[in-house]
Amino acid sequence: MTSIDPVRLEVIRNALVAASEEMSLTIWRTSRSTVVREILDFSTAVFDAEGRNIAQSARIPVHLNSMSDCLKRILEAHIPLEAWSEGDVIVTNDPYAGGQHLPDIQTFRPVFVDGKRVAIVGTLCHHVDVGGGAAGSYYAAATEIFHEGIRIPPLRLVEKGTLNTGVFEMLLYNVRQAEETRGDLNAQIAALGIGAKAVARIARKYGSDTLSAAMSAILDGSERMMRAAIAALPDGTASFVETVDDDGQSEEPIRLQVTITKAGESITLDFAGSSPQVRGPVNNTPAMTCSAVYYALLAALGSDTPANSGCYRPVSVVLPEGSVVNAQFPAPVAGRMVVNHRIATAVFGALAQIAPERIPAAYYAISYVYAVSLVRSNAKRQVYFDIEVGGWGGHAGGDGASALSCGLHNNTNAPIEMVEAKYPVVFTRYGLLPDSGGAGENRGGLGLVREFRLEAPEGSLSTNFERFRFPPYGIKGGKPGSLSSTTVTRADGSAVSLNSKVSGIPLQAGDTVTIKTSGGGGFGNPADRNPARLAEDIAEGLVTEEAARTLYGYASEAEKGEAA
């Protein structure tokens, strides 16, 4: 194997990361939908010639940690490497071919230099709609994947540089927002071209053999760093159980149990004891589950470790077949983030027993996805799609962050001004929710309220929410964060509280939708909170005086004077 010095290795590694970021920037600047352009629900990566993830953009871990698994499945079961030609673009969204859920369309392109394949580049975009029973393709009543939208097996969207227009148009015929989907898919194809050119430049500058050696060394380096981080933990076993509200079709809670066994420089996570796969669309496939596991471990242990497939080598994940964390075809999975986030918090909960100083209390742990199918007065149809967040848990170093996207899904918020300009909705409230953060020596971050009024003649609402029954846990004596809720207030003033996961809730002009998200759990005994910090919370409106009295034993200066 070609030897490579450490300085050149680091230069090449950063050049490959830069190639991933060039692809990311291309998608951001050329995409059409708000979910991609504003919420940034997309990811890009560079893989070696065998399909192993080498470099990533700073985008979405739940995507990035699973893209190599999807690529591996494509190569093993659908289109082998030797069948890939220069200029090909392979596309899929199939969860049972290593993908995420159907709205997440992945594309891959090989990189050739002088006739030799030196790498593969890939993109993943969440598309605003891929058909199915509800606008936005989150259909709460789905009982099989066929209810959730168009399923794309791994195939060539572009063959030797020529677009397969028949396949492209077939996809567009099956979605509600065809022009936005066209624009976002073209952005993915364009980004692959940018990435392929960037990686080819690196190969020509340093030589294909040197690039190959560098890629192997990058993987080995991340593996060594991950093993060292694991080895620094004490050996032992810890278990934790998280409880998900329901699957949207029954009131039966979903149990997520993980047992972590740490021995030396390796770690095993066993999900035995978790619930069987469920009827509703919140199931996870192995690629999804492992993606959340890798995120949790890297977040807790590997902050300086370059994220790539080498990080996964010291990690073993045991997933009972037919369970909610290893669902079997054709189980529905569109709402998989309901369970996926809680896989992460279950892992954090177990790690807190092994390394308590490193782990915060639970965060809000759900991608608050909602979609509104709109019909304007001119009969034009639109799909307004959005994702909200909540509060982070308190931690040993301080309070949790308020209304901040968790790294697992790493989305941004869609500016309300932009949403109002594009869709017939008017926002009436958007801000932090006082008292939503769990009480503790270090308080949980606050959730938020987002409220909008429908200005179109009619519409329908779908949500994929969670935390309506089981709040984010506190640790070391901290209190749990708040519960979430959704309320529709009709134009006549009547109000109805919705379940967490719904589809097709009818809306009329003047109806108002109010979404309240969970705050994070508290860290440490609330009685130990610094009085000055508590007084500051009250002054800033983060904690009310009533909650301060009840949860922290607070007394105002006037009350102290009366007591004296």
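Summary of the structure given here.

Each aromatic ring pair is characterised by the separation of its centres together with the angle its planes make. Applying the stated criterion to the full structure yields 17 aromatic pairs. For the pair F240 and Y473, a centre-to-centre distance of 5.0 Å together with 55° between the ring planes defines the contact as tilted. Residue F240 is located in strand β8 (residues 236-244), and its partner Y473 is located in the loop between β16 (458-464) and β17 (485-489); the two are separated by 233 residues in the primary sequence. Measuring from ring centre to ring centre gives 5.5 Å for Y368 and F465, while their planes differ by 65°; the resulting arrangement is edge-to-face. Linking Y368 in strand β12 (residues 368-375) with F465 in the loop between β16 and β17, this pair joins segments that are 97 residues apart in sequence. Residue classification places F465 among the buried residues on the basis of a relative accessible area of 0%. When the ring centre of F42 is taken as origin, the NZ or CZ atom of R59, which lies over that ring, is 5.4 Å away. We note R450 situated over the ring of Y430; from NZ or CZ to the ring centre the distance is 4.5 Å.

The next subject is the sheet that holds β12. The sheet built from four strands is open, its strands ordered β13-β12-β16-β19 with antiparallel pairing. Two strands close off the open sheet at either side, each with one partner strand: β13 (381-388) and β19 (501-508). Geometrically, the sheet is characterised by an average inter-axis angle of 15° between neighbouring strands, direction not taken into account. Here β16 runs beside β19; their pairing, made up of six bridges, is antiparallel. In the sheet register, E458 faces β19, and the bridge partner there is Q508.

Attention now goes to the environment of V338. Its location among the elements puts V338 in helix α8 (residues 337-354). Separated by 222 residues in the primary sequence, V338 and K116 have C-alpha atoms spaced 43 Å apart. Excluding residues within four positions of it along the chain, V338 makes contact with V244, V282, I366, N464, F465, E466 and K501.

Look at helix α5 (residues 178-206): 42 Å from first C-alpha to last across 29 residues, which is about the 42 Å you get at 1.5 Å a residue. After α5 finishes, the residue G207 shows a positive phi value of roughly 95°.

Now for the pattern of salt bridges. Side chains that differ in charge, positive against negative, can pair when their charged atoms come close. For the structure on display, the rule yields 34 salt bridges. Here D386 and R450 are joined by a salt bridge, their closest N and O atoms 2.9 Å apart. Linking D386 in strand β13 with R450 in strand β15 (residues 448-454), this pair joins segments that are 64 residues apart in sequence. Overall, D386 belongs to the buried group, its relative accessible area being 0%.

Below, the discussion takes up the sheet that holds strand β10 (residues 266-270). Backbone hydrogen bonds are what pair the strands of a sheet, in a parallel or an antiparallel way. As summarised here, the arrangement of the four strands in space is β8-β9-β10-β11, forming an open sheet in which the pairing is mixed. Strands with a single pairing partner mark the edges of an open sheet, and in this sheet they are β8 and β11 (315-318). In this sheet, neighbouring strand axes are inclined to one another by 15° on average, regardless of whether the strands run parallel or antiparallel. Alignment of β8 against strand β9 (residues 254-263), held across nine bridges, turns out to be antiparallel. Residue pairing across strands places F240 opposite V258, the latter belonging to β9. Docked against the sheet, helix α7 (residues 286-301) engages β10 and β11, running at close to 140° with respect to β11.

On to the pairing of strand β5 (residues 116-126). Of all eleven residues making up β5, nine are buried, and the element is well covered by its neighbours. The pairing of strand β1 (residues 42-48) with β5 spans seven bridges and is antiparallel. Bridging across to β5, S43 finds its partner in L124. Summarising the sheet, strand β4 (residues 104-113) and β5 pair through ten bridges and their orientation is antiparallel. Within β5, the residue paired with V113 across the bridge is K116. Count of turn residues in the β4/β5 antiparallel hairpin: two residues, of which D114 carries a positive phi of about 55°.

What follows concerns the side chain of Q106. Along the polypeptide, Q106 turns up in strand β4. In this view, Q106 contacts M67, C70, I90, V91, T92, G98, G99, Q100, T123, L124 and Q188; residues no more than four positions away in its chain are not counted.

Let's shift gears to the nonpolar core. In this structure, L16, L269 and L297 are the most contacted members of the largest nonpolar core, which totals 147 residues. With twelve residues, the single largest contributor to this core is α8. Aside from chain neighbours lying at most four places away, what touches L16 is V46, I54, A55, V199, I202, L211, M215 and I218. One finds M67, I74, L75 and L81 within the second-largest nonpolar core, a separate group that totals 15 residues.

One can describe the packing of helix α1 (residues 6-30) onto α5 by two numbers: an axis separation of 8 Å at closest approach and a directional angle of 160°. The angle between α1 and α5 places the two elements in the roughly antiparallel class. Taken as a pair, α1 and α5 cross one another with a handedness that is right-handed. A per-class count over the contact of α1 with α5 returns 16 nonpolar, five polar and three charged.

Take the packing of helix α3 (residues 61-77) against α7 next. Two numbers describe how α3 lies on α7: the axes approach to 8 Å, and their chain directions differ by 125°. Compared by their axis directions, α3 and α7 come out oblique. At the point where α3 passes α7, the crossing takes the right-handed sense. Here α3 contributes P61, V62, H63, N65, S66 and D69 to the contact with α7, which in turn contributes A287, S291, Y294 and Y295. For the contact of α3 with α7, a count of residues per class yields five nonpolar, four polar and one charged.

Before going further, it helps to examine the pairing of strand β20 (residues 512-516). Within β20, four of the five residues are buried, leaving the element largely enclosed by the surrounding structure. Direction of pairing for β15 relative to β20: antiparallel, over a ladder of five bridges. Its bridge partner lying in β20, F452 is registered against V513. Of the strand pairs in this sheet, β17 and β20 are connected by five bridges, and their pairing is antiparallel. Along β20, the bridge assignment pairs S485 with K516.

Reading the values: the criteria
Residues numbered from 1 in each chain as written. Predicted model: local features only at pLDDT ≥ 70, side-chain atom pairs only at ≥ 80, totals over all residues. Heavy atoms only, no water. Phe/Tyr/Trp six-rings, centres within 6.5 Å; stacked < 30°, edge-to-face > 60°. Helix = DSSP H or I, 4+ residues; strand = E, 2+ residues; numbered from the N terminus. Buried < 20%, exposed > 50% of the residue type's maximum accessible area, 1.4 Å probe, protein only. Lys NZ or Arg CZ within 6 Å of the ring centre and 35° of its normal. Pairing = 2+ DSSP bridges. Axes fitted to C-alpha atoms, helices over the stretch in contact; angles between N-to-C directions. Contact = heavy atoms within 4.5 Å. Expected span 1.5 Å × (residues − 1). Salt bridge = Lys/Arg side-chain N within 4 Å of Asp/Glu carboxyl O. Core = buried A, V, L, I, M, F, W, Y, C linked by side-chain atoms within 4.5 Å. Parallel < 35°, antiparallel > 145°, perpendicular 65-115°, else oblique. Left-handed = near helix turned anticlockwise from the far one by under 90°. Nonpolar A, V, L, I, M, F, W, Y, C, P; charged D, E, K, R; others polar.

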